[in-house]
Amino acid sequence: MGCRVRRVVLQGASSLVRWAALAALAAGGQAVAETHFLVVEGLGGTHAYAERFRGQVTEMLPALRRMAGMDELVRVLAGVEATAERIEAEFGSLAGSVAPGDALGVLLVGHGSYDGKVYKLNIPGPDITDRQLKVWLDAVPAARQLIVSTTSSSGGALETLKSPRRVVITATKSGRERTATVFGEFWAKAFADAAADTDKNEAISALEAFRYAESKVASHFKDSQRLATEHPQLEGERPESFLLARLGSAARLAEDPAKRSLLLQREELERKIADLTVRKEDIPQDEYLESLQSLLLELAELQQRIDSEAAAPEGGEP
C-alpha cells in the first residue's frame with residue numbers, strides 16, 4: 001500500500017446528521033461548537049513505513065468521523081498530495097471557516113527531523129517547519145486547539161508551537177530523539193480501546209489518549225529490554241476537555257440525528273463544569289457553589305432526556 005495522490009473524503013456520518021443537530025441546538029438557544037480535524041500523513045521513506053503510517057491514519061479516521069459528524073470537518077492529506085502548498089491551503093481554508101468557539105485538532109503522522117534549531121515534517125517537496133505550523137495555527141481563530149506530532153524529533157517543535165489556547169503533544173522530548181517512533185501506533189489504538197477511557201465517560205480525550213500511548217511506549221521498550229529512544233511530551237491547559245473519540249452508547253448517540261444534539265449539549269455542560277472546577281480558587285465560594293449546582297441540575301435533567309430517548313423504541317415514544 002504505497003503512497004499515492006489522494007484526498008480522503010469521509011464516507012461515514014452524513015451531513016444530515018450534523019444539520020439535524022444544528023437545528024435542534026439552535027431551537028434550544030445554544031450555540032454549536034464544531035470540531036475540525038486536519039490529518040497530514042508524511043512520507044514513509046520505505047514501503048514498510050508507508051504502510052505503517054497509512055495504517056495509523058486509517059485507524060484514527062472512524063473516530064474522527066464520528067466526532068466531527070460532518071464530512072467537511074475532517075481533512076486528510078496523504079502521500080504525494082501532502083505538499084507544503086496543499087497544507088498551507090488547508091490551513092488558510094480553516095482560518096476562514098472555523099469559528100472562535102470551535103475546536104481544531106491537527107494530527108501529523110510520519111518522519112520528522114531537527115537541525116538543532118528547526119523541526120521539519122518530512123513531506124513531498126520542501127518540508128514544512130514548526131515555525132510555519134505556528135503561523136498557520138495562530139491564524140485559525142479556534143479557541144481550543146490540539147496539535148499532535150507522532151514523528152521522530154517532534155519534541156524539537158514543542159517550544160515553538162506552545163500557546164495558551166493550544167495543547168501540544170509530541171512523540172519525543174526533544175529534537176535529538178531522531179529514531180523512528182512507536183508512539184503513533186499506540187496513539188492511534190487509543191481511539192478505539194476502552195482501556196484508554198480512564199474516567200469511564202465513553203469518550204477518549206487528548207489527555208487519555210496521551211497517557212495510554214505514553215504507557216504503551218514505556219512498556220514496549222521495557223518488554224524488549226531496550227533503552228527508550230522516545231519520551232512523549234504534553235504541554236498545554238485542559239487536554240482532558242479536547243475529545244477525540246466516543247465509545248459505546250456515546251458513539252451510538254452520535255450516529256443518531258435525533259439524539260446527537262443531546263450528546264453535544266451534555267459534552268458542553270461537562271466542559272463547563274470542568275472549567276468551573278479549575279477556576280474554583282479564583283471566584284467566591286458562594287458563587288462557585290451556586291454555579292456548580294445550576295450546571296449539575298441542568299446536566300441531570302439532560303441525562304434524563306438522553307436516558308428516555310435511549311429507552312424509546314424505534315419510531316415511537318417510550
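**A look at the pattern of salt bridges**
No. 1: For the structure on display, the rule yields 12 salt bridges.
No. 2: A salt bridge links E90 to R86; its shortest N-O distance comes to 3.6 Å. Highlighted residues: E90 and R86, both in helix α3 (residues 84-97), separated by 4 residues, approximately one helical turn.
No. 3: Taking the shortest distance from any N to any O, the salt bridge between R166 and D138 comes out at 2.8 Å. Taken together, the residues R166 in strand β9 (residues 166-170) and D138 in helix α4 (residues 130-138) connect sequence positions 28 residues apart.

**Focus: the pairing of strand β2 (residues 35-41)**
No. 1: For β2, a buried count of 7 out of 7 residues is recorded, marking the element as mostly surrounded by other parts of the structure.
No. 2: A two-sided burial pattern is seen for β2, the buried positions comprising T35, F37, V39 and E41 on one face and H36, L38 and V40 on the other.
No. 3: Pairing geometry for β2 and strand β4 (residues 103-109), over 7 bridges, is parallel. Residue pairing across strands places H36 opposite L104, the latter belonging to β4.
No. 4: Bridge count for β2 against strand β3 (residues 74-78) is 5 bridges, and the pairing is parallel. In the sheet register, V40 faces β3, and the bridge partner there is L77.
No. 5: Remark: the β2/helix α2 (residues 47-68)/β3 crossover connection has right-handed handedness.

**Topic: the packing of aromatic side chains**
No. 1: Taken as a whole and judged by the stated rule, the model has 6 aromatic pairs.
No. 2: Consider the rings of F37 and F242, whose centres lie 6.5 Å apart with planes at 75 degrees: the pair is edge-to-face. Here F37, found in strand β2, pairs with F242, found in the loop between β11 (233-235) and β12 (243-246); they are 205 residues apart in sequence, far enough to count as distant.
No. 3: On the basis of relative accessible area, F37 is assigned to the buried category, the value being 0%.
No. 4: Clustering of aromatic rings is evident, with ring pairs tying together F183, W187, F191 and F210.

**A word on the environment of A251**
No. 1: Here A251 is to be found in helix α8 (residues 248-255).
No. 2: Counting along the chain gives 188 residues from A251 to A63, while the straight-line C-alpha distance between them is 8.8 Å.
No. 3: Excluding residues that lie within four positions of it along the chain, A251 makes contacts with R66 and R246.

**Some words on the confidence of the model for the protein chain**
No. 1: Across the protein chain, the average pLDDT comes to 86, with 87% of residues at or above 70.
No. 2: Across residues 1-30, where pLDDT falls below 50, the model places 69 contacts with residues more than four positions away in sequence or in other chains.

**Topic: the environment of E240**
No. 1: Relative to the helices and strands, E240 is located in the loop between β11 and β12.
No. 2: You can call E240 partly exposed: its relative accessible area is 34%.
No. 3: Sequence separation between E240 and F210 is 30 residues; the distance between their C-alpha atoms is 10.0 Å.
No. 4: Ignoring sequence-local partners within four residues, the contact set of E240 consists of S205 and L207.
No. 5: Polar contacts involving the side chain of E240 include one to the side chain of R238, which spans 2.5 Å.

**Thoughts on the nonpolar core**
No. 1: Counting residues in hydrophobic clusters, the biggest one holds 44 residues, and the most contacted among them are I169, W187 and L244.
No. 2: Sort the elements by how many residues they give to this core and α2 lands first, with 8 residues.
No. 3: Apart from residues no more than four positions distant in its own chain, L244 is found in contact with F37, A63, L64, M67, L146, W187, F191, I204, S205, A206 and A209.

**As for α3**
No. 1: The terminal C-alpha atoms of α3 lie 20 Å apart, and with 14 residues this matches the ideal 20 Å at 1.5 Å per residue to within 8%.
No. 2: Residues of α3 that are buried include every one of A84, I87, E90, F91 and L94, and no others. Each buried residue of α3 sits inside an arc of 130 degrees when the element is viewed along its axis, so together they form one side. Facing away from the buried side of α3 by over 90 degrees, the exposed positions are E85 and G96.

**Details of the side chain of R166**
No. 1: Exposure remark for R166: the relative accessible area of 1% places this residue in the buried category.
No. 2: Here Q145 takes part through its side chain, which lies 2.9 Å from a polar atom of the side chain of R166.
No. 3: Side-chain polar atoms of R166 contact the backbone oxygen of L161, separated by 2.7 Å.

**Considerations on the packing of α3 against α4**
No. 1: It is at 9 Å that the axes of α3 and α4 come closest, and there the two elements cross at 25 degrees. In terms of their interaxial angle, α3 and α4 are classed as roughly parallel. Across the interface between the two elements, A84, I87, E88 and F91 of α3 pack against L133, W136 and L137 of α4.
No. 2: Here the residues of the contact of α3 with α4 are counted per class, giving 6 nonpolar, no polar and 1 charged.

Scoring rules and cut-offs
- Residues numbered from 1 in each chain as written.
- Predicted model: local features only at pLDDT ≥ 70, side-chain atom pairs only at ≥ 80, totals over all residues.
- Heavy atoms only, no water.
- Salt bridge = Lys/Arg side-chain N within 4 Å of Asp/Glu carboxyl O.
- Helix = DSSP H or I, 4+ residues; strand = E, 2+ residues; numbered from the N terminus.
- Buried < 20%, exposed > 50% of the residue type's maximum accessible area, 1.4 Å probe, protein only.
- Pairing = 2+ DSSP bridges.
- Right-handed = clockwise from strand over helix to strand, strands pointing away.
- Phe/Tyr/Trp six-rings, centres within 6.5 Å; stacked < 30°, edge-to-face > 60°.
- Contact = heavy atoms within 4.5 Å.
- pLDDT = per-residue confidence, 0-100.
- Polar contact = N/O pair within 3.5 Å; in protein donor to acceptor, adjacent residues only side chain to side chain.
- Core = buried A, V, L, I, M, F, W, Y, C linked by side-chain atoms within 4.5 Å.
- Expected span 1.5 Å × (residues − 1).
- Arc of directions from axis to C-beta.
- Axes fitted to C-alpha atoms, helices over the stretch in contact; angles between N-to-C directions.
- Parallel < 35°, antiparallel > 145°, perpendicular 65-115°, else oblique.
- Nonpolar A, V, L, I, M, F, W, Y, C, P; charged D, E, K, R; others polar.

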